[in-house]
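# Coordinates in review
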Amino acid sequence: GTGGNVDTSDWFRGDIGVFGGLAYDITDKVTFGVEYSSDGYDFEQRAGVFKRSSSVNFSLTYQQADEVNVRLYSLYGEEVGISLSFGLNPKNALFPGGQEEAPLPVAVRAPGATRDLGWADQPAARDDLVPPLRDALAADGLDLVGLDVSGTVAHVAIHNPTYGQTAQALGRTARIMTRILPASVETFHITLTEKAGLPTSTVSFGRTDLERLEHAPAGEALAAAQFSSGLRHGGPPEPVADRFPRFNWSIAPFTRISLFDPENPARGDVALRFQGQYELGRGWVLDGGASVKLFGNLDNTTQSSNSRLPRVRSDAAVYAREDGPRLDWLTVSKYGQIAPDVFARTTVGYFEQMYAGVSAEALWRPVSSRLAIGGEVNYVEPRAFDGGFDLRSRRTVSGTIPQVNGHLSAYYDFGNGFHGQVDAGRYLAGDWGVTIGLDREFENGWKIGAFATKTDVSAQDFGEGSFDKGIRITAPVSWLLGKPSRRAPTAVVRSLTRDGGQRLNVRGRLYEITRPSRQTDVADSWGRFWR
């Protein structure tokens with residue numbers, strides 16, 4: 001049938017067979033293996049996949065190093081082969097602790113220095129502090145966004161493009177503030193920002209606590225820290241001069257992968273992408289990416305869709321055949337915090353390979369809460385297959401693509417690294433339903449999770465697979481290179497992609513950009529505060 005469901009009627013049914021094997025360690029590095037199977041592989045032999053003249057298979061494995069094996073094998077009495085396998089254990093970092101340079105130590109004030117407030121009466125005092133503070137933060141890979149300072153209180157807004165653990169960015173900022181700011185400043189407010197100065201949360205410290213706890217267990221500094229909304233303490237500080245506008249860009253290769261095509265189980269392209277982000281002003285971001293294929297075989301896909309739904313994703317093979325330069329995305333977004341715990345986003349432009357339009361989102365996310373609730377509504381038009389600026393008709397072979405879709409979403413941190421998400425609403429094909437996802441996130445940045453979507457589309461109309469589902473794995477670049485990085489690409493693996501239960505791909509959704517600064521997430525990585 002359509003598959004994709006748990007079919008208990010087939011459990012413990014059918015012919016009984018025997019399968020088993022033995023392995024013998026000849027040396028500590030060489031292992032001999034033998035296995036027996038009563039499976040006749042009748043279907044595979046009729047289909048010409050392989051021949052079978054024996055029920056016994058053999059192997060000889062040499063362990064070159066941990067997680068590296070070379071294997072010689074004989075199968076079915078008909079084939080011989082050799083394989084080389086590499087493995088990794090995400091628990092064991094290649095560079096334990098990281099390879100970044102140590103931070104500067106906390107500057108301890110001299111006795112009586114806190115009473116010197118003469119500097120605060122000077123009109124240019126704030127402006128004079130900006131260059132050394134900006135330079136010191138930049139040396140540690142941090143970006144000074146804003147600064148307000150009075151006689152005893154300093155409020156600094158930073159952007160962290162470098163450290164995957166937010167606590168490490170906070171710790172380095174606090175140390176630098178002790179070295180740059182006048183001795184009379186006792187209270188530090190550090191506001192974390194994303195997307196052209198969007199304040200996501202504020203962490204406050206007493207300077208005396210930082211001086212006292214530098215060599216104490218990190219948990220004591222966490223107990224002394226206070227978390228609050230980014231709009232508290234008078235709101236985010238004023239941007240420093242020349243902070244906006246700002247342009248960042250990069251050029252890098254990347255891959256597009258297609259899995260589980262019956263004609264070829266793995267296809268892929270290697271392409272080169274240019275992407276840039278122009279911060280026009282506080283909360284305003286122009287974001288774009290364009291790519292050109294270097295080599296690959298995605299354009300050889302010949303699978304045609306038999307979808308009974310509007311073809312919102314199953315035309316992917318048609319897009320893949322267009323291997324010229326393409327615009328991957330081009331959007332203008334406005335981000336803002338409209339209340340202490342409420343964030344908002346509006347995005348206009350070309351969202352992804354297949355769709356352009358308008359997207360609006362709001363998110364309620366208290367800084368100290370495990371729960372967040374959001375809503376999103378989108379108006380979309382399908383893009384032309386060649387990846388240019390043109391749009392195409394919403395009419396497909398199987399129906400008309402609806403223009404409006406959106407979801408209400410709930411996010412919850414269960415603790416111990418488990419994070420759940422529920423999305424309910426209207427999907428791209430006009431179907432209504434719910435997506436449930438659960439991820440396990442580890443303190444070193446690795447994540448693994450699964451999701452499933454069930455909508456009002458029947459299994460027969462959905463087609464093969466019955467409903468949308470898959471797993472996702474996130475691998476942090478810092479784990480591989482040993483250098484601080486916020487880059488953590490995610491691979492989503494589906495057995496196949498159909499048209500039911502499909503969401504619009506929008507870059508910069510609010511929950512993912514604001515979550516790293518939430519109290520529970522910062523606390524999880526607090527062990528790196530003093531690194």
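Conventions and cut-offs
Residues numbered from 1 in each chain as written. Predicted model: local features only at pLDDT ≥ 70, side-chain atom pairs only at ≥ 80, totals over all residues. Heavy atoms only, no water. Helix = DSSP H or I, 4+ residues; strand = E, 2+ residues; numbered from the N terminus. Contact = heavy atoms within 4.5 Å. Areas by Shrake-Rupley, 256 points an atom, 1.4 Å probe, with all protein chains shown as cover. Lys, Arg positive; Asp, Glu negative; His and termini not counted. Charge placed at Lys NZ, Arg CZ, Asp CG, Glu CD. Expected span 1.5 Å × (residues − 1). Pairing = 2+ DSSP bridges. Axes fitted to C-alpha atoms, helices over the stretch in contact; angles between N-to-C directions. Patch = residues over 30% accessible without salt bridge, like charges linked within 9 Å, V, L, I, M, F, W, Y side chains within 5 Å. Salt bridge = Lys/Arg side-chain N within 4 Å of Asp/Glu carboxyl O. Buried < 20%, exposed > 50% of the residue type's maximum accessible area, 1.4 Å probe, protein only. Core = buried A, V, L, I, M, F, W, Y, C linked by side-chain atoms within 4.5 Å. Phe/Tyr/Trp six-rings, centres within 6.5 Å; stacked < 30°, edge-to-face > 60°. Lys NZ or Arg CZ within 6 Å of the ring centre and 35° of its normal. Polar contact = N/O pair within 3.5 Å; in protein donor to acceptor, adjacent residues only side chain to side chain. Left-handed = near helix turned anticlockwise from the far one by under 90°. Nonpolar A, V, L, I, M, F, W, Y, C, P; charged D, E, K, R; others polar.

## Considerations on the overall build of the protein
Across its full length, the protein holds ten helices and 25 strands. Projecting the C-alpha coordinates of the protein onto the three principal axes gives extents of approximately 95 × 65 × 45 Å. Once local pairs closer than 6 in sequence are excluded, the contacts in the protein between residues at least 24 apart make up 58%. For the protein, the computed accessible surface area is about 26900 Å², with 57% contributed by carbon and sulfur atoms. Within the protein, the 62 negative side-chain charges are centred at a point lying 2 Å from the centre of the 56 positive side-chain charges.

## Brief notes about helix α2 (residues 125–139)
Over its 15 residues, α2 runs 22 Å from end to end, which matches the ideal 21 Å to within 8%, given 1.5 Å per residue. Considering only its buried residues, α2 is in contact with β6 (143–149), β7 (153–159) and α3 (166–180). Two residues or fewer after α2 comes G141, characterised by a positive phi angle close to 80 degrees.

## Side note on the sheet that holds strand β8 (residues 187–194)
Spatially, the five strands line up as an open sheet ordered β6-β7-β8-β9-β10, and their pairing is mixed. The two strands at the open ends of the sheet, each matched to only one other strand, are β6 and β10 (226–228). Taking each pair of neighbouring strands and ignoring which way they run, the sheet shows an average axis angle of 20 degrees. With six bridges joining them, β6 and β7 adopt antiparallel strand pairing. The residue bridging L144 from the neighbouring strand is I158, located in β7.

## A look at a negative patch on the surface
A surface patch of negative charge is lined by E322, D323, D386 and D390. Following the sequence through the fold, D323 ends up in the loop between α6 (316–320) and β14 (326–339).

## Quick word on the environment of V70
Along the polypeptide, V70 turns up in strand β4 (residues 68–75). Leave out the neighbours within four places in its chain, and V70 touches L60, T61, Y62, I82, S83 and L84.

## Some details on the sheet that holds strand β3 (residues 56–65)
Strands in a sheet are paired, the pairing made by backbone hydrogen bonds, and the direction either parallel or antiparallel. Taken in spatial order, the five strands line up as β1-β2-β3-β4-β5 in an open sheet, and their pairing is antiparallel. The open sheet has two edge strands with one neighbour each: β1 (19–25) and β5 (79–86). The mean angle between the axes of side-by-side strands here comes to 20 degrees, regardless of whether they run parallel or antiparallel. Where β4 meets β5, eight bridges bridge the pair, whose relative direction is antiparallel. Bridge pairing in β5 places V68 opposite F86.

## Comments concerning the pattern of salt bridges
In the structure shown here, the tally under the stated rule is 33 salt bridges. Residues R175 and E214 are paired through a salt bridge, measuring 3.1 Å at the closest nitrogen-oxygen approach. Residue R175 is located in helix α3, and its partner E214 is located in the loop between α4 (207–213) and α5 (218–224); the two are separated by 39 residues in the primary sequence. Like E214, R175 is buried. Note that R518 is salt-bridged to D521, the shortest N-O span being 2.5 Å.

## Some points on the nonpolar core
In this structure, L147, L170, F205, W526, F529 and W530 are the most contacted members of the largest nonpolar core, which totals 42 residues. Where this core is concerned, the elements lending two or more residues are α2, β6, β7, α3, β8, β9 (198–206), α4 and α5. Ranked by size, the runner-up nonpolar core spans 14 residues in total, among them Y319, M354, L428 and V506.

## What about unusual backbone geometry?
At the junction of F244 and P245, the peptide bond is cis and its omega measures out at -5 degrees in the coordinates. Considering the arrangement of structural elements, one finds P245 in the loop between β10 and β11 (246–261). Its identity as a non-glycine residue notwithstanding, E67 has a phi of 70 degrees, on the positive side. Note on placement: E67 falls in the loop between β3 and β4. Not every positive phi belongs to a glycine, and N416 is a case in point at roughly 55 degrees. Within the secondary structure, N416 is located in the loop between β20 (404–415) and β21 (418–426).

## Observations concerning the packing of aromatic side chains
Applying the stated rule across the entire model yields 16 aromatic pairs. The interplanar angle of 80 degrees and the centroid separation of 4.8 Å between the aromatic rings of F529 and W530 together place this pair among those described as edge-to-face. Across this residue pair, the class does not change: F529 and W530 are buried. Here the aromatic cluster, defined as three or more aromatic residues joined through ring pairs, consists of F205, F227, W526, F529 and W530. Between R273 and the ring centre of F254, over which it is positioned, the NZ or CZ distance is 3.8 Å. Lying over the aromatic face of F418, R440 brings its terminal NZ or CZ to 5.1 Å of the ring centre.

## Quick look at the side chain of D143
Within the secondary structure, D143 is located in strand β6. On the accessibility criterion, D143 (13% relative accessible area) is buried. In terms of polar contacts, D143 uses its side chain to reach the side chain of R246, at 2.9 Å. Dropping the residues within four chain positions of it, D143 is found in contact with A157, I158, H159, P161, R243 and R246.

## Quick word on the packing of α2 against α3
One way to put it is that α2 packs onto α3 with a least axis distance of 10 Å and a crossing angle of 145 degrees. Like other packed secondary-structure pairs, α2 and α3 cross with a definite hand, here right-handed. Note on element contacts: α3 touches α2 through T173, I176 and I180, opposite L129, P132, L133, A136 and L137. Across the contact of α2 with α3, the residue classes break down as seven nonpolar, one polar and no charged.

## With respect to the side chain of S291
Tracing the backbone through its elements, the reader meets S291 in strand β13 (residues 284–296). For S291, a relative accessible area of 4% puts it in the buried group. At a separation of 2.7 Å, a polar atom in the side chain of S291 contacts the side chain of R256. Excluding residues within four positions of it along the chain, S291 makes contact with F254, R256, L272, R273, G324, P325, R326 and D328.

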